[in-house]
Amino acid sequence: MELRQLQYTLQIAAERNFSRAAEKLHIAQPSLSQQLSKLEKELGVLLFQRNTSSVELTYAGEKFVEQAQVIIDAVELLRQEMSDISQLRTGRVMVGSMPITGAHLLPHVLPVFKHKYSEVEITLLEDSSMNLEKLTASGQTDLSLLSLPLAIPTLAYEVLGEERIDLAVPPGHPLAGRESQDIRTSLAELRDEPFIVLKEGQGFRKMTVELCRAAGFEPRIVFESNNMETVQSLVAAGMGVTLVPHFIARAPRSEFVPVYLSLAEPVPSRTLVIAYRRGRYLSRAAEAFIETFKATVAGLTDN
């Protein structure tokens, strides 16, 4: 039994497809199939049930994958620990990020980190919060920028800070004048407003809907987008209102700028976190990245 065979099996289990697994592993599909057959012959059990439309784990395969993950984690732990001892904070950190939030926070964090730890390579992976949780739980990212609550219990996290939620309305909206009057708007006042929100699968869309429900109404969604910049531009164009994380609302924009209003007490907020798989060894580089992120977010919050 070879280490690469364990890695191959884990990738097939994750993809449930030989072609995609081979592509991710950068090997030819026949080679992947050959290695799996060799492993199954050695073990005397079938790990996957194959048919024309799917690849499913057998009972033996489920047990094998569980232990293979433990072995791969132990090897990675040993490799990381030896790297830390020999190189001290050099290496590579795979960071997962929600595209919208990352676009406004990472430009503050990464230059500071690279200045302090120039030898550390940061690789960025952007995806929806739902997919990032899965990628982090499977070890495909070292750390991921997410917000609470987390759906996967095997994830641990470090709190970065609280980010308040603001209301965005068109410049000509009846509520827009409250910006200069320092009058706060309650969510309940938005009951009859058309909402523009992010599409399903993005954590902030779920938060927006839950906040409206907590205020006693179901938001009337008239348009959805994958991009928060598009959402804000459509609000500015008069198509509806939306909720916006404060770090995004404060970012400078050149045109189609909505009016941002503070919401009434209790002001809704979200908790930003850096998440990682529970029990996973964090390299010194990863720990340094977390500390840099915390300090940077704290500085933005104080401004």
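To be clear, the structure that these remarks concern was listed above.
To start, this report covers the structure provided alongside it. Because the structure is a prediction, the values reported are computed rather than measured.

Parameters and conventions
- Residues numbered from 1 in each chain as written.
- Predicted model: local features only at pLDDT ≥ 70, side-chain atom pairs only at ≥ 80, totals over all residues.
- Heavy atoms only, no water.
- Helix = DSSP H or I, 4+ residues; strand = E, 2+ residues; numbered from the N terminus.
- Buried < 20%, exposed > 50% of the residue type's maximum accessible area, 1.4 Å probe, protein only.
- Contact = heavy atoms within 4.5 Å.
- Lys, Arg positive; Asp, Glu negative; His and termini not counted.
- Charge placed at Lys NZ, Arg CZ, Asp CG, Glu CD.
- Core = buried A, V, L, I, M, F, W, Y, C linked by side-chain atoms within 4.5 Å.
- 1 Å grid on protein atoms, 1.4 Å probe; cavity = no way out; pocket = protein on both sides within 12 Å on 5 of 7 lines; lining within 4 Å.
- Points joined across faces, edges and corners; volume = space filled by probe spheres on them.
- Phe/Tyr/Trp six-rings, centres within 6.5 Å; stacked < 30°, edge-to-face > 60°.
- Salt bridge = Lys/Arg side-chain N within 4 Å of Asp/Glu carboxyl O.
- Polar contact = N/O pair within 3.5 Å; in protein donor to acceptor, adjacent residues only side chain to side chain.
- Axes fitted to C-alpha atoms, helices over the stretch in contact; angles between N-to-C directions.
- Parallel < 35°, antiparallel > 145°, perpendicular 65-115°, else oblique.
- Nonpolar A, V, L, I, M, F, W, Y, C, P; charged D, E, K, R; others polar.

Counting secondary structure elements, the protein contains eleven helices and eleven strands. Over its C-alpha atoms, taken along the principal directions, the protein stretches across nearly 75 × 50 × 30 Å. Within the protein, the fraction of its 303 residues that count as buried is 48%. For the protein, the share of sequence-separated contacts (at least 6 apart) that also reach a separation of at least 24 residues comes to 73%. Here the protein contributes 31 positively and 37 negatively charged side chains, and the mean placements of these two sets differ by 3 Å.

With that settled, the discussion passes to the nonpolar core. Nonpolar side chains in soluble globular proteins tend to be buried together. One finds Val93, Leu105, Leu143, Leu146, Leu160, Phe289 and Phe293 to be the most contacted residues of the largest nonpolar core, which totals 34 residues. Where this core is concerned, the elements lending two or more residues are strand 3 (91–97), helix 5 (99–116), helix 6 (129–137), strand 5 (143–147), strand 6 (155–169), strand 11 (269–277) and helix 11 (284–302). Among the elements that take part in this core, helix 11 stands out by supplying eight residues, more than any other. Once residues within four sequence positions are removed from consideration, Leu146 is found in contact with Met98, Ser129, Leu132, Glu133, Thr271, Leu272, Val273 and Ala275. In terms of nonpolar packing, the next biggest core, distinct from the first, is built from 31 residues, Ala168, Val235, Val244 and Val259 among them.

Cis geometry marks the peptide bond from Leu148 to Pro149, where omega comes out at 0°. Across the junction of Glu265 and Pro266, the peptide omega takes the value -5°, indicating a cis bond. Along the chain, Pro266 falls in the loop between strand 10 (259–261) and strand 11. Backbone geometry places His26, a non-glycine residue, at a positive phi of 60°. Note on placement: His26 falls in the loop between helix 2 (18–25) and helix 3 (29–43).

So, on to empty space enclosed by the protein. Taken as a whole and assessed by the stated rule, the structure comprises two cavities of 30 Å³ or more. Approximately 100 Å³ is the volume attributed to the largest cavity. Of all the secondary-structure elements, those providing two or more residues to the lining of the largest cavity are helix 5 and helix 8 (203–214). Considered as a void within the structure, the second largest cavity measures approximately 40 Å³ in volume.

Going through the model one piece at a time under the given rule, you end up with four aromatic pairs. The interplanar angle of 40° and the centroid separation of 6.3 Å between the aromatic rings of Phe195 and Phe217 together place this pair among those described as tilted. Of this pair, Phe195 sits in strand 7 (residues 194–198) while Phe217 sits in the loop between helix 8 and strand 8 (220–225); the two residues are 22 residues apart in sequence, bridging distant segments of the chain. The exposure classification of Phe195 matches that of Phe217, with both residues buried.

Right, let's get into the pattern of salt bridges. Evaluation of the coordinates by the stated rule reveals 18 salt bridges. Of the charged contacts, one joins Glu158 and Lys294 as a salt bridge, the two residues approaching to 2.7 Å between their closest N and O atoms. One end of the pair, Glu158, is in strand 6; the other, Lys294, is in helix 11, and 136 residues separate them in sequence. For Glu158, a relative accessible area of 25% gives the class partly exposed. Of the charged contacts, one joins Glu291 and Lys294 as a salt bridge, the two residues approaching to 3.9 Å between their closest N and O atoms. Here Lys294 and Glu291 lie together in helix 11, a separation of three residues that amounts to about one turn. The exposure class assigned to Glu291 is partly exposed, which follows from its relative accessible area of 48%. Shared partners join several salt bridges into a network, and the residues in it are Glu2, Arg4 and Lys38.

Restricting attention to buried positions, one finds in helix 9 (residues 228–236) the residues Met228, Val231, Gln232, Leu234, Val235 and Ala236. Taking the backbone nitrogen of Glu229 as reference, a side-chain oxygen 2.6 Å away marks Asn227 as the first, capping residue of helix 9. Just downstream of helix 9, Gly238 is the residue with a positive phi angle, here 95°.

Another point: the packing of helix 1 (residues 3–15) against helix 3. Interaxial distance between helix 1 and helix 3 falls to 10 Å at its minimum, and their mutual angle equals 110°. Viewed along their axes, helix 1 and helix 3 adopt a mutual orientation that is roughly perpendicular. Two secondary-structure elements touch here, helix 1 through Arg4, Gln5, Tyr8, Thr9 and Ile12 and helix 3 through Leu32, Gln35, Leu36, Lys38, Leu39 and Glu42. Here the residues of the contact of helix 1 with helix 3 are counted per class, giving five nonpolar, three polar and three charged.

Here the focus is the layout of surface pockets. Here the largest pocket is characterised by a volume of approximately 1000 Å³. Lining of the largest pocket is provided by 34 residues; of these, Gln11, Ile72, Ser138, Gly139 and Gln140 occupy positions nearest its centre. Secondary-structure elements contributing two or more residues to the lining of the largest pocket are helix 1, helix 2, helix 4 (59–87) and strand 3. A class-by-class count of the residues in the lining of the largest pocket yields 13 nonpolar, twelve polar and nine charged. The volume enclosed by the second largest pocket comes to roughly 530 Å³. Contributing to the lining of the second largest pocket are 25 residues, with Ser129, Gln202, Gly203, Lys206 and Met207 lying nearest its centre.

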